[in-house]
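Examination of the molecular architecture
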Amino acid sequence: SGSASTRCRQRIFSPRAACACAGTSLRSCARRMPVAEMNPPRTLCLVLGAFLVAASVPLEEPLGEQGNECSGQDCMAQSDASAMLQTKKTQASWWQEDSEDEPSRGLGPMGAPSHLQLKEARDKADAMQDQELVEPEVLRSPVTLNLQAVKLPVPWIGGHFWTRGYGSIPGPTIRVKPGEKLRIKLVNDLGPGPGYEGCDMRNANLGFFLNPDTICALNHSNLHTHGLHVSAQGDGDNVLRHVGPGEKKWYEFQLPANHMGGTHWYHPHFHHATSGQAGGGAHGAIIVDDPKGSLPKYLEDMPEKLLFLSLVNVAKAMRLEAWSLGTLKKGDVAEQVMWRSSDYPDWKWNPVTGTMEEHGSAMSDSLGLDPHLVVNGMYKPKLTIEEGKWYRLRFVFAAIEQRVEIYAADSSALQAFCQFQLLAKDGIYLHEAPRSIGKIFLASGSRADVAVQCRCGFMAPRPCHSHLNFSAVWQPMGLMGMAPTLENTTNRLLHIDVLSSGKRNEPPLQTFSVRRPCYLVDLREVRTRHSNRHTVKMPMLYPMAVKVDGKGEPWGHGIPQTLKEIPVGEVQEWHIQGLQFHPYHLHVNPYQITGIWSDPYYMVGDWHDTMLPTSMNFATVKVNVDTFTGKMIAHCHLLEHEDNGMMGYWQITGKEGTTWSGAKKVDPECYDSYFPGPPKPKLPPLWR
């Protein structure tokens, strides 16, 4: 209500202006509406416009006159909006339906293919699927990672997509042993590009929808080893380092001798550019080898496969590129090109209209550009296994913002049926494994080690078949406490061919518990000091910040004040709020869930470094702050939110190398050096 609201409807948010502004030129809109001069009606209009566009909700024509003049900043300057509207009137717009005579070229980001062309592209894509799964190259220290423009085929649309990667998507798999020093040389060959001068943090407190200008510096980078228990200082896992275009720097990660074996990954972590780089394809797996004798014999001998899941969100990646004014260097040429097909020229940034355009059609998340998972960079590959044999699958999931659910196809007597047994999450073995599960829930950055066995139905021919499906789910921040869950994509992940081996089916897996390093002893019954208990909050909508005990601010270009100083060598207990909308990721030290309401996947006792529960918005965790001092980064792992400022750090104080003295009391068999061998067998009780 009120005159401001009327002006908002009449001038700023006609249907097309609203869609264009909230969807594609939000960068320009936000610049014209500094937070000091926004009033609630105008702010709400902009937020609602963004949500309506994201949800593809048609807008009705506004009421009232359209010709009244604006004064000052009562409404946004109309020059850009008028230019955009004039362009839309003279050319096919992306919200128009296809005509029977000629399909529209504008259905989708920047002139994406029409219905007919998408069908042809998907027919060709069907012919490309079911190729045998190929795993990435495996390297050991020292390793050179060359960050560069990479061409990723997008067969379900037709064409390919230029993004950032380490030579391929995913990059090479790096294997390392506990106690080893991992040396990586990072070479930034992305080409020149603007840095933080392209960022504007004035509206950071209003959240992502009102401040796309926090996405910038997409050609500036560094390196983060996600999940490793290593130092975050100096040349280690220090995400405050800067590797500019054309630069190369060495990283050294000294793994503790008692580092648990597990599945982790690496990716860039340069603030304001993480979503475009790590979510766009610059990522690869790190596997810490299990010490010999640390696992049951059947698990040590189990064949394993790496399944690196990259969620290709073409529309979102291009939008980030547009907002950041990014450029990619391909060979000797640096230009703003993200997409190319045989039928369509390159899509480029139009500085006049403030949009990414091709033939005048504005970018949108529309038909044909639904996010899709590729496995080791392959589209719907085939995994061939033996009937009745157990396989260890190492899942790693990288995405800009979505989470995924992985599940087997419905079984029948005419096809294969497969069972999942969960071994480890986020690179840490369950206290009691395996655990039977029906679905694998992965937030952006999560990992899962799963044993799978498939058998043919009694009426199925040999070889028999099955497949894994996935659902890519986006959980947007809500308005006024309401946060709908939107399921964007459901599709096949990979095809499974089950060959008859003529051998007996392997028996069910026996329950086991590994001997644990002292930094991962069970903390559920540990009492914590009152000074070590804190409340962590990630607000649902705004501001984009991590808060501890009510204090915290969006992380801008400089280093903000610490969230809290905590001592090394002690156990922390945190109550985390906002988890259903923001996956909480912690560097350096993992955390153990000690309190959570009913959840099908996240359970009390499990260890994580990234979690996004599906049922509740809060959980209680405990952290053994072990060995390392300095800045322990914490942030939302929806990578856009992190780039927008939802990141902070705990300052760990004390003497480097200090460990918690109570670990041996909790678990006398825990080890603080190299793996000493399996635990001694327990003697049976004298009385039964």
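Definitions and cut-offs
Residues numbered from 1 in each chain as written. Predicted model: local features only at pLDDT ≥ 70, side-chain atom pairs only at ≥ 80, totals over all residues. Heavy atoms only, no water. Helix = DSSP H or I, 4+ residues; strand = E, 2+ residues; numbered from the N terminus. Contact = heavy atoms within 4.5 Å. Patch = residues over 30% accessible without salt bridge, like charges linked within 9 Å, V, L, I, M, F, W, Y side chains within 5 Å. Areas by Shrake-Rupley, 256 points an atom, 1.4 Å probe, with all protein chains shown as cover. Salt bridge = Lys/Arg side-chain N within 4 Å of Asp/Glu carboxyl O. Pairing = 2+ DSSP bridges. Disulfide = S-S within 2.5 Å. Buried < 20%, exposed > 50% of the residue type's maximum accessible area, 1.4 Å probe, protein only. Phe/Tyr/Trp six-rings, centres within 6.5 Å; stacked < 30°, edge-to-face > 60°. Lys NZ or Arg CZ within 6 Å of the ring centre and 35° of its normal. 1 Å grid on protein atoms, 1.4 Å probe; cavity = no way out; pocket = protein on both sides within 12 Å on 5 of 7 lines; lining within 4 Å. Points joined across faces, edges and corners; volume = space filled by probe spheres on them. Nonpolar A, V, L, I, M, F, W, Y, C, P; charged D, E, K, R; others polar. Core = buried A, V, L, I, M, F, W, Y, C linked by side-chain atoms within 4.5 Å.

Remarks on the overall build of the protein
The helix and strand inventory of the protein stands at 11 helices and 38 strands. Within the protein, contacts between residues separated by at least 24 positions form 79% of all contacts whose residues are at least 6 apart in sequence.

Some thoughts on a nonpolar patch on the surface
A surface patch of nonpolar side chains, amounting to about 400 Å² of accessible area, comprises Leu-414, Phe-458 and Met-459. Within the element layout of this structure, Met-459 appears in the loop between strand 25 (447–456) and strand 26 (464–474).

Focus: the sheet that holds strand 6 (residues 224–226)
Reading across from one edge, 1-4-9-8-6 is the order of the five strands in this open sheet, with mixed pairing throughout. Of all strands in the sheet, those with a lone pairing partner are strand 1 (138–139) and strand 6, marking the two edges. Here three bridges tie strand 6 to strand 8 (residues 262–267), and the two strands are oriented antiparallel to one another. Following the sheet pairing, His-226 is matched in strand 8 by Trp-265.

What about the side chain of Gln-651?
Considering the arrangement of structural elements, one finds Gln-651 in strand 38 (residues 647–653). Not counting the four nearest positions on each side in its chain, Gln-651 is found in contact with Thr-562, Lys-564, Glu-565, Ile-566, Gly-630 and Lys-631.

Section: the state of the cysteines
The full count for this structure, using the stated rule, is three disulfides. Disulfide pairing places Cys-418 opposite Cys-454 at an S-S distance of 2.0 Å. Disulfide Cys-418 to Cys-454: torsion about the S-S bond roughly 105°, handedness right-handed. With Cys-418 in strand 21 (residues 416–425) and Cys-454 in strand 25, this pair connects stretches of sequence that are 36 residues apart. Here Cys-418 falls in the buried class, since its relative accessible area comes to 18%. Assessed through its relative accessible area of 1%, Cys-454 is described here as buried. The disulfide partner of Cys-456 is Cys-464, and the gap between their sulfur atoms is 1.9 Å. Judged by the sign of its S-S torsion, about -80°, the bond between Cys-456 and Cys-464 is left-handed. In this structure Cys-456 comes out as buried when scored by relative accessible area, which is 7%. Taking relative accessible area as the criterion, Cys-464 reaches 1% and is therefore assigned buried.

Details of the packing of aromatic side chains
Considering all chains together, one arrives at 13 aromatic pairs under this definition. Centroid distance Tyr-429 to Phe-512: 6.5 Å. Interplanar angle 70°. Geometry classified as edge-to-face. A residue pair is termed long-range when its members are at least 10 positions apart, and Tyr-429 in strand 22 (residues 428–429) and Phe-512 in the loop between strand 27 (486–499) and strand 28 (533–537) qualify at 83 residues. With respect to burial, Tyr-429 and Phe-512 carry one shared label: buried. Three or more aromatic residues joined by ring pairs make a cluster, and in this case those are Tyr-298, Tyr-429 and Phe-512. One residue, Lys-425, lies across the ring of Tyr-601, its end atom 4.4 Å from the ring centre. The ring centre of Tyr-407 lies 5.1 Å from the NZ or CZ of Lys-439, which sits over that ring.

Quick notes on the pattern of salt bridges
On inspection of all chains with the given rule, the structure shows 27 salt bridges. One salt bridge connects Lys-177 with Asp-289, and the closest N-O pair in it is separated by 3.7 Å. Linking Lys-177 in the loop between strand 4 (173–176) and strand 5 (181–188) with Asp-289 in the loop between strand 9 (284–288) and helix 8 (297–300), this pair joins segments that are 112 residues apart in sequence. A relative accessible area of 9% places Asp-289 in the buried class. Put simply, Arg-392 and Asp-290 hold a salt bridge, and the shortest N to O gap is 3.7 Å. Of this pair, Arg-392 sits in strand 19 (residues 390–398) while Asp-290 sits in the loop between strand 9 and helix 8, and the two are 102 residues apart along the sequence. When its relative accessible area of 2% is taken as the criterion, Arg-392 is described as buried. Sharing partners across several salt bridges, the network here consists of Arg-140, Arg-175, Lys-177, Asp-289, Asp-290, Glu-304, Arg-392, Arg-394 and Asp-449.

Notes on unusual backbone geometry
Looking along the chain, the bond that leaves Ile-169 and enters Pro-170 is cis, with omega of -5°. Structurally, Pro-170 can be placed in the loop between strand 3 (160–165) and strand 4. That bond from Arg-462 to Pro-463 is cis: its omega, -5°, falls within 30 degrees of zero. Counting through the fold element by element, Pro-463 comes out in the loop between strand 25 and strand 26. We note that Ala-217 has phi near 60°; this positive angle belongs to a residue other than glycine. With respect to the helices and strands, Ala-217 occurs in the loop between strand 5 and strand 6. A relative accessible area of 1% places Ala-217 in the buried class. The phi dihedral of Thr-627 falls on the positive side, at around 70°, and the residue is not glycine. As for its placement among the helices and strands, Thr-627 is situated in the loop between strand 36 (618–624) and strand 37 (630–636).

A look at empty space enclosed by the protein
Tallying each qualifying case throughout the model produces 10 cavities of 30 Å³ or more. The computed volume of the second largest cavity comes to approximately 110 Å³. In this structure, the second largest cavity is lined by 18 residues; those nearest its centre are Gly-227, Leu-228, His-229, His-264 and Pro-590. When the residues that make up the lining of the second largest cavity are grouped by side-chain class, the tally is eight nonpolar, eight polar and two charged.

Quick word on the nonpolar core
Counting 100 residues, the largest nonpolar core has Leu-309, Phe-395, Ile-406, Ile-440, Trp-574, Tyr-584 and Trp-650 as the members making the most contacts within it. Setting aside anything within four residues of it in sequence, one finds Leu-309 in contact with Leu-373, Val-374, Val-375, Phe-395, Val-396, Phe-397, Ala-398, Ile-406, Leu-442 and Leu-493. Counting residues in each nonpolar core, the second largest holds 24 residues, with Val-176, Val-243, Tyr-266 and Leu-328 among its members.

So, the environment of Arg-183
Considering the arrangement of structural elements, one finds Arg-183 in strand 5. In this structure, the C-alpha to C-alpha distance between Arg-183 and Ser-141, residues 42 residues apart in sequence, is 5.5 Å.

Concerning the sheet that holds strand 28
The sheet built from six strands is open, its strands ordered 29-28-31-36-33-34 with mixed pairing. What marks the edges here is a single partner per strand, and that holds for strand 29 (547–548) and strand 34 (607–608). Two elements, strand 31 (residues 571–577) and strand 36, share seven bridges in a ladder whose sense is antiparallel. Bridging from a neighbouring strand, Gln-572 pairs with Val-623 of strand 36.

Describing the pairing of strand 2 (residues 143–153)
The sheet contact formed by strand 2 and strand 5 spans five bridges and is parallel. Following the sheet pairing, Asn-146 is matched in strand 5 by Val-187. The pairing of strand 2 with strand 3 spans six bridges and is classified as antiparallel. Bridging across to strand 3, Gln-148 finds its partner in Gly-165.

Spatial relationships are all this shows, so hold off on functional conclusions.
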